[in-house]
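# Commentary on secondary and tertiary structure
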Amino acid sequence: MDKVILVTGASSGIGNETVKLFQTKGWKVAATMRTPEKSEDLSRIVDVECFRLDVTEPDSIRSAIDGALEKFGQIDAIVNNAGYALVGPFEAAASEQIERQFRTNVFGLMNVCREILPYFRERGRGTIVNVASLGGRITFPLYSLYHATKWAVEGFSESLQHELRPFNIKVKIIEPGPIKTDFYERSMDFTSKEGLDAYNDYVGNLIPKYEKAGKNAPDGSLVAEVIYNAVCDGSWKLRYAANSKLVLTLRKILPDAAFGWLIRRAI
Ligand SMILES: NC(=O)c1ccc[n+]([C@@H]2O[C@H](COP(=O)([O-])OP(=O)(O)OC[C@H]3O[C@@H](n4cnc5c(N)ncnc54)[C@H](OP(=O)(O)O)[C@@H]3O)[C@@H](O)[C@H]2O)c1
């Protein structure tokens, strides 16, 4: 029987690769994004339908879900992938930047969950995949606000898995390490405050290192494979590493002080 998946943030990177992988595996895919007009690559693929969905606009979520149900007749899984990083000294962040970071990465993801849940619950099954991050389990300097959102996604998802289990709804968390996508380029937002120069050297030293890690990383297809496995493995397993296994293992076995020392040395 046909299976249907809805993916947010499908215009580039991990979301885009996820759409393509599921399609090649025989799934029907609702590829959602803020500006579907720009997505010529996906709109030409058979069994892929593009819908406009901005996670910060609940009406657009509702109408994308309705559109996918109308087109494909069902939705079996959703991938909450849309997100970006606000980077730089916390002290330099404007309230609007902080709010937009949470509105997208946390409240946006929650909005999508809230819209799909009545359907999954009434249907008696469904899978929610939340793309968190290695940065939802560990932290690096200058990413404090991004980490705050991804740690929130971790806690939210971990709790949700318990309360949705009686309804046969699975929750999966994907924890990618560095992945070469638009994440480190056009999608990134930076904090800055006029007259605040105290962090300049620190920022100037660290940001190029982060950018280099992104440039040398594997591409989004690696995460798409992990998402595919999470959706299809039939288990109730919650967390899936993607280019992050070694660091997650070290985090598990080392005490806080030792792990903190390791992070400072690594950067
Ligand atoms: N790349 C990494 O190293 C890495 C590591 C760990 C976790 N992640 C997570 O992976 C996810 C995907 O990121 P990526 O690496 O694939 O980066 P990306 O290529 O920049 O993709 C981000 C996607 O999110 C979309 N988006 C942003 N705000 C949105 C909104 N309000 N509504 C709907 N879509 C929105 C973007 O759409 P537009 O085209 O409209 O901007 C884009 O499609 C993110 O949640 C990110 O935090 C990435």
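The rules behind these values
Residues numbered from 1 in each chain as written. Predicted model: local features only at pLDDT ≥ 70, side-chain atom pairs only at ≥ 80, totals over all residues. Heavy atoms only, no water. Axes fitted to C-alpha atoms, helices over the stretch in contact; angles between N-to-C directions. Helix = DSSP H or I, 4+ residues; strand = E, 2+ residues; numbered from the N terminus. Parallel < 35°, antiparallel > 145°, perpendicular 65-115°, else oblique. Left-handed = near helix turned anticlockwise from the far one by under 90°. Contact = heavy atoms within 4.5 Å. Nonpolar A, V, L, I, M, F, W, Y, C, P; charged D, E, K, R; others polar. 1 Å grid on protein atoms, 1.4 Å probe; cavity = no way out; pocket = protein on both sides within 12 Å on 5 of 7 lines; lining within 4 Å. Points joined across faces, edges and corners; volume = space filled by probe spheres on them. Pairing = 2+ DSSP bridges. Near = heavy atom within 4 Å. Polar contact = N/O pair within 3.5 Å; in protein donor to acceptor, adjacent residues only side chain to side chain. Areas by Shrake-Rupley, 256 points an atom, 1.4 Å probe, with all protein chains shown as cover. Buried < 20%, exposed > 50% of the residue type's maximum accessible area, 1.4 Å probe, protein only. Right-handed = clockwise from strand over helix to strand, strands pointing away.

We now examine the packing of helix α3 (residues 58-72) against helix α4 (residues 95-123). Between α3 and α4, whose axes approach to 10 Å, the crossing angle comes to 40 degrees. Comparing their axes, α4 and α3 come out oblique. Note on packing geometry: the crossing formed by α3 with α4 is right-handed. Contacts between α3 and α4 involve Pro 58, Ile 61, Arg 62, Ile 65 and Leu 69 from the former and Gly 108, Asn 111, Val 112, Glu 115, Ile 116 and Tyr 119 from the latter. Counted by class, the contact of α3 with α4 contains 7 nonpolar, 2 polar and 2 charged residues.

A few words on empty space enclosed by the protein. What the rule picks out here adds up to 1 cavity of 30 Å³ or more. Considering the residues around the largest cavity, the lining is formed by Val 87, Tyr 143, Tyr 184, Met 188, Phe 190, Ile 207, Tyr 210 and Glu 211. The element contributing the most residues to the lining of the largest cavity is helix α6 (residues 200-215), with 3 residues. Residue classes in the lining of the largest cavity are distributed as 7 nonpolar, no polar and 1 charged.

Turning to the sheet that holds strand β1 (residues 4-7), a few remarks are in order. Strands belonging to one sheet form pairs held by backbone hydrogen bonds; the direction of such a pair is parallel or antiparallel. Pairing is parallel in the open sheet, where 7 strands are placed in the order β3-β2-β1-β4-β6-β7-β9. Unpaired on one side and paired on the other, β3 (48-52) and β9 (239-242) mark the two borders of the sheet. Each strand of the sheet is rotated relative to its neighbour by a mean of 20 degrees, with strand direction disregarded. This element, helix α7 (residues 220-232), spans β1, β4 (77-80), β6 (126-131), β7 (169-176) and β9 of the sheet and lies at about 160 degrees to β9.

The local shell around the ligand holds 29 residues, among which Ser 11, Arg 34, Tyr 146, Thr 181 and Ser 187 are the closest. At 3.0 Å, a side-chain N or O of Asp 54 approaches a nitrogen atom of the ligand. A distance of 3.3 Å separates an oxygen atom of the ligand from a polar atom in the backbone of Phe 183. When isolated, the ligand has an accessible area of 890 Å², and the protein chains bury 96% of it. Of all the secondary-structure elements, those providing two or more residues to the shell around the ligand are α1 (13-24) and α5 (144-164). The class makeup of the residues in the shell around the ligand is 12 nonpolar, 12 polar and 5 charged.

Attention now moves to the pairing of β7. Of all the 8 residues making up β7, 8 are buried; the element is thus mostly covered by neighbouring parts of the structure. Of the two faces of β7, the one carrying Ile 169, Val 171, Ile 173 and Glu 175 and the one carrying Lys 170, Lys 172, Ile 174 and Pro 176 are both buried. Across 6 bridges, β6 lies against β7 in parallel orientation. Across the sheet, Val 131 pairs through a bridge with Ile 174, a residue of β7. A crossover connection joins β6 to the parallel β7 through α5; in handedness this β-α-β unit is right-handed. Strand direction decides the pairing type here: β7 and β9, joined by 4 bridges, are parallel. In the strand pairing of β9, Ile 173 is matched with Arg 239.

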